[in-house]
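So the chains spell out like this:
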Amino acid sequence: MTVNWIQTPHTRASDLEVSHDGIPPGKEAIYAQEPVLSARNLVITFGRVVGLDGVDLDLYPGEVLAVIGDNGAGKSTLIKCLTGAYVPNSGTITMNGREVSFKKPQDAREAGIETVYQQLAVIPALDIASNLYLAREDRRKGPLGSIFRMLDKKGMERRAGEAVQNLGIQTIQNMGQAVETLSGGQRQAVAVARAAAFGSKVVVLDEPTAALGVKESGMVLDMIKQLRDKGLSIILVSHNMPHVWEVADRIHIQRLGGRAGVITPESHDMGEGVAIMTGAKKLGGTATPAAEAPRADAVHEGSRGSEGTRAGHVEDAPADRGDRP
Amino acid sequence: MSTDVTTAAAEFARRQQSPVQRLQSQLHKRPWLSPLFLLFVAFLSFFIATPTFLTANSMGILLQQTAIIAALAVGQTLIILTAGIDLSVGAIMVLSMMVMASLAQDGGMPGILALLIGILLAVGAGFLNGILVTRINLPPFIVTLGTLSIFTAIALLYSGGASIQAPRLPRLLNFLGEGFGIGGFRLTWGVILVGVIYAVVAFVLSQTAWGRYVYAVGDDPESARLSGVPSKRILLGVYTVAGLIYGIAAWILIGRAGAATPNAIPDANLQSITAVVIGGTSLFGGRGRLVGTLIGALIVQTLQFGLSQMGVDQQWRVLATGILVIIAVAVDQWIRKVKA
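Residues numbered from 1 in each chain as written. Chains lettered and ligands numbered in written order. Predicted model: local features only at pLDDT ≥ 70, side-chain atom pairs only at ≥ 80, totals over all residues. Heavy atoms only, no water.

**Things to note about the overall build of chain B**
Part 1 of the reasoning: When helices and strands are counted, chain B shows 15 helices and 4 strands.
Part 2 of the reasoning: Here chain B displays about 15200 Å² of accessible surface, and carbon together with sulfur accounts for 69% of that area. (Helix = DSSP H or I, 4+ residues; strand = E, 2+ residues; numbered from the N terminus. Areas by Shrake-Rupley, 256 points an atom, 1.4 Å probe, with all protein chains shown as cover.)

**A closer look at the environment of Asp222(A)**
Residue and element names in this part refer to chain A.
Part 1 of the reasoning: With respect to the secondary-structure elements, Asp222 resides in helix α8 (residues 214–229).
Part 2 of the reasoning: On the basis of relative accessible area, Asp222 is assigned to the partly exposed category, the value being 26%.
Part 3 of the reasoning: Each C-alpha atom, one on Asp222 and one on Glu246, is 9.9 Å from the other, the two residues being 24 residues apart in sequence. (Buried < 20%, exposed > 50% of the residue type's maximum accessible area, 1.4 Å probe, protein only.)

**Regarding the side chain of Ser231(B)**
Part 1 of the reasoning: One can find Ser231(B) in helix α12 (residues 231–257).
Part 2 of the reasoning: Residues contacting Ser231(B), with those up to four places away along its chain left out, are Val217(B), Pro221(B), Ala224(B) and Arg225(B). (Contact = heavy atoms within 4.5 Å.)

**Some words on the sheet that holds strand β4 (residues 90–95) of chain A**
Residue and element names in this part refer to chain A.
Part 1 of the reasoning: With respect to topology, 4 strands assemble into an open sheet ordered β2-β1-β4-β5, the strand pairing being antiparallel. Two strands close off the open sheet at either side, each with one partner strand: β2 (49–59) and β5 (98–100). Taking each pair of neighbouring strands and ignoring which way they run, the sheet shows an average axis angle of 30 degrees.
Part 2 of the reasoning: Looking at chain direction, β4 and β5 are connected through 3 bridges and run antiparallel. Of the residues in β5, the one forming a bridge with Met95 is Arg98.
Part 3 of the reasoning: Lying on the sheet, helix α2 (residues 75–82) is in contact with β1 (37–46), β2 and β4; it crosses β1 at an angle near 115 degrees. (Pairing = 2+ DSSP bridges. Axes fitted to C-alpha atoms, helices over the stretch in contact; angles between N-to-C directions.)

**What about the packing of helix α6 (residues 111–134) of chain B against α12(B)?**
Residue and element names in this part refer to chain B.
Part 1 of the reasoning: Viewed as axis vectors pointing N to C, α6 and α12 meet at an angle of 150 degrees, and their least axial separation amounts to 7 Å. For the element pair α6 / α12, the angle class is roughly antiparallel. Note that α6 runs across α12; the crossing there is right-handed. Contact residues: α6 offers Leu115, Ile119, Ala122, Val123, Gly126, Phe127, Asn129, Gly130, Ile131, Val133 and Thr134, while α12 offers Lys232, Leu235, Leu236, Tyr239, Thr240, Gly243, Leu244, Tyr246, Gly247, Ile248 and Trp251. (Parallel < 35°, antiparallel > 145°, perpendicular 65-115°, else oblique. Left-handed = near helix turned anticlockwise from the far one by under 90°.)

**Some details on the sheet that holds strand β8 (residues 233–237) of chain A**
All names here are of chain A.
Part 1 of the reasoning: Taken together, the 6 strands give an open sheet; going across it, the order is β6-β7-β8-β3-β9-β10, and neighbouring strands pair in mixed fashion. Every other strand in the sheet has two partners, leaving β6 (113–116) and β10 (258–263) as the edge strands with one partner each. For this sheet, the mean inter-axis angle between neighbouring strands, taken without regard to orientation, is 20 degrees.
Part 2 of the reasoning: Taken together, the 5 bridges between strand β3 (residues 64–69) and strand β9 (residues 250–255) define a ladder with parallel strand orientation. Its bridge partner lying in β9, Ile68 is registered against Ile253.
Part 3 of the reasoning: Helix-sheet contacts for helix α10 (residues 270–278) involve β3, β9 and β10, and the interaxial angle to β9 is about 30 degrees.

**Some remarks on the pairing of β8(A)**
Residues and elements named next belong to chain A.
Part 1 of the reasoning: Buried residues dominate β8, accounting for 5 of its 5 residues.
Part 2 of the reasoning: Side chains of β8 alternate between two faces, with Ser233, Ile235 and Val237 and Ile234 and Leu236 buried alike.
Part 3 of the reasoning: Inspection of the sheet shows β3 paired to β8 by 4 bridges, in the parallel sense. Bridge assignment links Ala66 to a residue of β8, and that residue is Leu236.

**Points about α10(A)**
Residues and elements named next belong to chain A.
Part 1 of the reasoning: Summarising burial for α10: 9 of the 9 residues are buried, a large majority.
Part 2 of the reasoning: Buried within α10 we find Met270, Gly271, Glu272, Gly273, Val274, Ala275, Ile276, Met277 and Thr278.
Part 3 of the reasoning: In this fold, the buried residues of α10 make contact with β3, α9 (241–247), β9 and β10.
Part 4 of the reasoning: By the N-cap criterion, in which a side-chain oxygen at the helix start approaches the backbone nitrogen of a residue two or three places on, α10 is capped by Asp269, the distance to Gly271 being 3.1 Å.
Part 5 of the reasoning: Immediately beyond the C-terminal end of α10, within one or two residues, lies Gly279, with a positive phi of roughly 90 degrees. (Polar contact = N/O pair within 3.5 Å; in protein donor to acceptor, adjacent residues only side chain to side chain.)

**Concerning the packing of helix α5 (residues 89–104) of chain B against helix α13 (residues 268–278) of chain B**
All names here are of chain B.
Part 1 of the reasoning: Two elements in contact, α5 and α13, have axes separated by 7 Å at closest approach and are oriented at 125 degrees. As judged from the angle between their axes, α5 and α13 are oblique. Contacts from Val89, Gly90 and Met93 in α5 reach Ala268, Asn269 and Ser272 in α13.
Part 2 of the reasoning: Residue classes in the contact of α5 with α13 are distributed as 3 nonpolar, 3 polar and no charged. (Nonpolar A, V, L, I, M, F, W, Y, C, P; charged D, E, K, R; others polar.)

**Quick notes on empty space enclosed by the protein**
All names here are of chain A.
Part 1 of the reasoning: By the definition in use, this model includes 4 cavities of 30 Å³ or more.
Part 2 of the reasoning: Along the walls of the second largest cavity sit Thr83, Pro105, Arg109, Ile113, Glu114, Thr115 and Tyr117, which together make up its complete lining.
Part 3 of the reasoning: It is β6 that contributes the most residues to the lining of the second largest cavity, 3 residues altogether.
Part 4 of the reasoning: Looking at the lining of the second largest cavity, its residues break down into 3 nonpolar, 2 polar and 2 charged. (1 Å grid on protein atoms, 1.4 Å probe; cavity = no way out; pocket = protein on both sides within 12 Å on 5 of 7 lines; lining within 4 Å. Points joined across faces, edges and corners; volume = space filled by probe spheres on them.)

**Describing the UniProt feature "transmembrane region" (unreviewed entry) in chain B**
Residues and elements named next belong to chain B.
Part 1 of the reasoning: Under the UniProt annotation, "transmembrane region" (unreviewed entry) lies at residues 32–54, 87–104, 111–132, 138–158, 179–205, 234–254, 290–310 and 316–335.
Part 2 of the reasoning: The span residues 32–54 shows a helical share of 74% and a strand share of 0%, and its end C-alpha atoms are spaced 23 Å apart.
Part 3 of the reasoning: Counting secondary structure, residues 138–158 comes out at 90% helix and 0% strand; the distance between its end C-alpha atoms is 28 Å. (UniProt positions renumbered as here; feature names shortened; annotations may be inferred.)

**What about the interface of chain A and chain B?**
Part 1 of the reasoning: At the interface, 29 residues of chain A touch 26 residues of chain B.
Part 2 of the reasoning: Of the roughly 2300 Å² buried at the junction of chain A and chain B (both faces included), carbon and sulfur atoms supply 60%.
Part 3 of the reasoning: It is Ile123(A), Leu151(A) and Lys153(A) that lose the most area in chain A upon contact with chain B, and together they represent 18% of the buried surface on that side.
Part 4 of the reasoning: The tally of links between chain A and chain B comes to 1 salt bridge.
Part 5 of the reasoning: In this structure, the salt-bridge partner of Glu180(A) is Arg287(B), at a minimum N-O distance of 2.1 Å.
Part 6 of the reasoning: Remark: the boundary between chain A and chain B carries 8 residue pairs in polar contact (both at pLDDT 80 or more).
Part 7 of the reasoning: Listing elements by their share of the side of chain A that touches chain B, those giving two or more residues are α6 (153–166) and α8 of chain A.
Part 8 of the reasoning: Residue composition of the side of chain A that touches chain B, by class: 14 nonpolar, 6 polar and 9 charged. (Buried area = accessible area lost by both parts, 1.4 Å probe. Salt bridge = Lys/Arg side-chain N within 4 Å of Asp/Glu carboxyl O.)

This is the structure:
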């Protein structure tokens, strides 16, 4: 792809329309349902720095919702609030209409939200089946399991194979193969399979293609589409605009700790998306109350928290593009 | 896309391999094969070189000599699998041995009580190592370097540097030196106990979740933690179990040496590490098998024993052990380079 998506000479960014309820054409049925995961008015502060300033998010069953935003826009803070790594100061999170409160990542995991971390969290020396079942091993039936604590290795290997097959992941085949012998894309597939295989409803992927080459990235993107087609809901955090525009159903744009807009790949092109993300186009609408002024002050006073700078760095973005030759 | 991948994978599986590559890939799958081969070569060489080597009597002595280091090497293997190292193995064993012997000498305390206190002390020493590693976050090398001196000093202070001979000890403490003969081949209870330790720990490592976590923590502690493995608890458990094994080794050593001596096996630390490394366990953690360690301990002792049977000086035996370690690690590095 050689699209110059930073500067689109034909459109003036300030003329763009931004919506909060864009629905991808042909998928109206999905959005008629109740969201599987909803966040309302999430607020979190780190000292004087506002991490999230009243963010709303809706994730529907069987959709890929991309979350994009500049460095420090609050993407990872938002994700951490949804997966129990941070506890928001205020705001509500509901799953299937029921309010939930995650104090630690294990809580979110038990509620059916699995996270695939950027650093992958797979153990190279163990085989694929052992990795899929790591920290949730099955024991043998009878006294062998209860007294001698023997693992049901054969059963786990078989069920791991079935789970991977059910998920439609074809890049990993032999469950007894050590993960260290796999390629980067296959390791990503193992991590994703583990997140998706155990009855989870929501899978959060943090920069899944950042470390991969073109072919491997394509493999991971195909896998994301397959999981979506199986009915899983996926939140995809990515800096890579071509990848986002390829797989996302809707795109949630974070900017300065707030939600700048939710668009679809059909309603806006990459250049427009980046324009909204970097603030070249501001939203005159409803969902980002009390826009930039107070937070900008906080930053200019130098009180930067864990979120780092909030200033736009458009020139950083292309470095993350995975489509090198 | 996916069909491309499967075809490519199938093609890759069908690719031509040279005999050397095939050997390399087999050794990668079974890392204990190369030490086993080494052991075989050592046996064959000594069999040819000296007529007294491969006799029932010699084999019994070889096993008894191997028992102590082999037992210590079990604890060392557990710790090295977690990417740690234990320099205090010998010190913990000696401290535990001196305490159990002192308490029980001349009927001062029932043998069983002295034994339990000695073993519990070793468990506590291992636990202390584990606490320093997991709570204070000190590197295992530094922690055990420190406790090596501390435990050695305590053992010397406590015993006054004096040995306690077997006749002054209750029978229970000497028991593991006893055994039975099958022809000229003498098997002691100590050797049998070491066999039991190997069987139990090998089972735990390969068949239980705890064993899997030991490998996971050693390979990538952060990933293990993110996956839900209680990394610190596993580490603390490993150091504590290692302490227990050193305590049992202390008991075996009294029986073998016929005395409790503060400077019983001065190079126990290095010999146990050598056995683990020759056995194919990676010093970087996460890779290795306990059976490899057993073979490694046998190799070290076979070399020592065989050379001494041939009348070779102690210095030359030490030199040979050094060369062996370097060859073993070089071979190990080569095996690891195998692709898929």
